[in-house]
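Structure assessment
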Amino acid sequence: MALIEIRDLHKTYGTGDQAVHALAGVSLDIQAGEFVAIMGASGSGKSTLLNVLGCLDRPDTGEYRLAGEPVQDLPPDRLAEVRNRRIGFVFQQFNLLPRTSAQENVELPLVYGGVPAPQRRERALAALAQVGLAERAHHTPSQLSGGQQQRVAIARALVNQPSLILADEPTGALDSRTSDEVMQLLSGLHAGGITVVMVTHESDIAAWAQRRLVFRDGRVVEDALQVPVHGAVREVAA
């Protein structure tokens with residue numbers, strides 16, 4: 001079953017000679033439970049697509065259905081509800097509150113959702129345990145390594161039990177060993193049934209995915225299934 005269905009998406013920034021066609025008629029489906037890597041040069045449209053998928057931006061034209069629901073024209077309050085209930089976000093720069101504990105950072109989506117404090121604490125601690133950081137719950141970001149901070153960010157993405165994780169360069173600020181640890185975690189979440197869509201410019205990181213999309217000039221120029229491996233990628237027929 002397709003979790004994501006997009007049809008003829010267009011998104012343009014600027015006007016006239018300054019217009020940039022970030023999405024130029026993109027159509028594709030992503031099935032529930034897939035692990036998809038999106039690659040492409042800077043300005044190719046990959047991050048714009050991720051923002052549209054995350055309901056952080058709207059296409060100019062086209063249709064986007066998430067779990068069968070058309071979301072491109074929803075009012076802002078409904079879009080916020082969809083983001084909070086169905087989607088978890090992981091970013092390159094972690095985006096943690098610096099003077100707030102790991103537990104409190106993970107609780108943030110629950111605060112926005114109106115979850116009572118005792119349930120917030122319980123669910124945040126469970127999410128931290130899921131990423132192997134239960135003993136670091138009361139540490140602030142400055143007391144954590146970069147890899148640990150990214151795991152806190154992943155726990156925050158998981159705390160509302162989303163069906164979809166969107167990861168934008170999740171290993172971009174990490175060394176190779178820590179990158180492997182984060183990718184093992186994302187791969188494990190995918191194995192547990194979560195759909196993962198990840199933007200990356202690194203081929204060895206994209207190799208963890210089942211499917212690779214390559215963008216150029218706002219269009220999908222390559223869509224290949226692959227056997228997930230660490231390093232070299234062996235392609236299989238789409």
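This write-up is about the structure you can find in this document. Quantities reported herein were computed from a predicted structural model and do not represent experimental measurements. (Residues numbered from 1 in each chain as written. Predicted model: local features only at pLDDT ≥ 70, side-chain atom pairs only at ≥ 80, totals over all residues. Heavy atoms only, no water.)

**Some details on the pairing of strand β6 (residues 87–91)**
Note on strand geometry: in a regular strand, side chains alternate between the two faces of the sheet. Counting buried positions along β6 gives 4 out of 5 residues, so the element sits mostly inside the fold. Pairing of β6 with strand β7 (residues 164–168), which is carried by 5 bridges, proceeds in the parallel orientation. Counted as the bridge partner of Phe91 is Asp168 from β7. (Buried < 20%, exposed > 50% of the residue type's maximum accessible area, 1.4 Å probe, protein only. Helix = DSSP H or I, 4+ residues; strand = E, 2+ residues; numbered from the N terminus. Pairing = 2+ DSSP bridges.)

**Considerations on the nonpolar core**
Formed by 39 residues in total, the largest nonpolar core has its most connected members in Val106, Leu128, Val152, Ile154 and Ile165. At 6 residues, the largest contribution of residues to this core is made by helix α5 (residues 146–158). Core analysis: the second largest hydrophobic core is formed by 29 residues, Leu23, Val71, Phe89 and Leu166 among them. (Core = buried A, V, L, I, M, F, W, Y, C linked by side-chain atoms within 4.5 Å.)

**Things to note about the layout of surface pockets**
Empty space left among the atoms is revealed by rolling a probe the size of a water molecule over them. Quantified by volume, the largest pocket comes out at close to 390 Å³. Lining the largest pocket are 17 residues, and of these Asn84, Phe89, Pro109, Tyr112 and Arg156 lie nearest its centre. Elements represented by at least two residues in the lining of the largest pocket include exactly α2 (76–86), β6, α3 (102–112) and α5. A per-element tally of the lining of the largest pocket places β6 first, with 4 residues. Along the lines of polarity and charge, the residues of the lining of the largest pocket split into 11 nonpolar, 4 polar and 2 charged. In this model, the second largest pocket occupies a volume close to 160 Å³. Lining the second largest pocket, in full, are Glu122, Arg123, Ala126, Ala127, Gln130, Leu158, Val159, Gln161, Pro162 and Ile194. (1 Å grid on protein atoms, 1.4 Å probe; cavity = no way out; pocket = protein on both sides within 12 Å on 5 of 7 lines; lining within 4 Å. Points joined across faces, edges and corners; volume = space filled by probe spheres on them. Nonpolar A, V, L, I, M, F, W, Y, C, P; charged D, E, K, R; others polar.)

**A few points about the packing of α3 against helix α4 (residues 117–130)**
Remark: α3 packs on α4, axes separated minimally by 9 Å, with the N-to-C direction vectors making an angle of 120 degrees. Here α3 is positioned oblique relative to α4, judged by the angle of their axes. Handedness of the α3/α4 crossing: right-handed. Facing Ala102, Gln103, Val106, Glu107, Leu110 and Val111 of α3, the residues of α4 in contact are Arg120, Arg121, Arg123, Ala124, Leu125, Ala127 and Leu128. Taken together, the residues of the contact of α3 with α4 sort by class into 8 nonpolar, 1 polar and 4 charged. (Axes fitted to C-alpha atoms, helices over the stretch in contact; angles between N-to-C directions. Parallel < 35°, antiparallel > 145°, perpendicular 65-115°, else oblique. Left-handed = near helix turned anticlockwise from the far one by under 90°. Contact = heavy atoms within 4.5 Å.)

**Structural notes on the packing of aromatic side chains**
On inspection of all chains with the given rule, the structure shows 1 aromatic pair. Ring plane angle 0 degrees and centroid distance 6.0 Å describe the contact between Phe89 and Phe91, whose orientation is recorded as stacked. Of the residues examined, Phe91 reaches a relative accessible area of 27% and is grouped as partly exposed. (Phe/Tyr/Trp six-rings, centres within 6.5 Å; stacked < 30°, edge-to-face > 60°.)

**Remarks on the pattern of salt bridges**
Tallied over the entire structure, the rule returns 13 salt bridges. Ionic pairing is found between Lys11 and Asp60, a salt bridge with its closest N-O pair at 3.8 Å. Here the residue Lys11 occupies a position in strand β1 (residues 2–13), and Asp60 occupies one in the loop between α1 (46–53) and β4 (61–66), the gap between them amounting to 49 residues. On the accessibility criterion, Lys11 (10% relative accessible area) is buried. Here Glu222 ties to Arg212 by a salt bridge, and the two come within 2.4 Å at their closest N and O atoms. One end of the pair, Glu222, is in strand β10 (residues 219–227); the other, Arg212, is in strand β9 (residues 211–216), with 10 residues separating them in the sequence. Among the residues examined, Glu222 registers a relative accessible area of 28% and is labelled partly exposed. For Arg212, a relative accessible area of 10% corresponds to the buried category. Bridged by salt links that share partners, the residues Glu69, Arg78, Glu81, Arg85 and Arg86 form one connected network. (Salt bridge = Lys/Arg side-chain N within 4 Å of Asp/Glu carboxyl O.)

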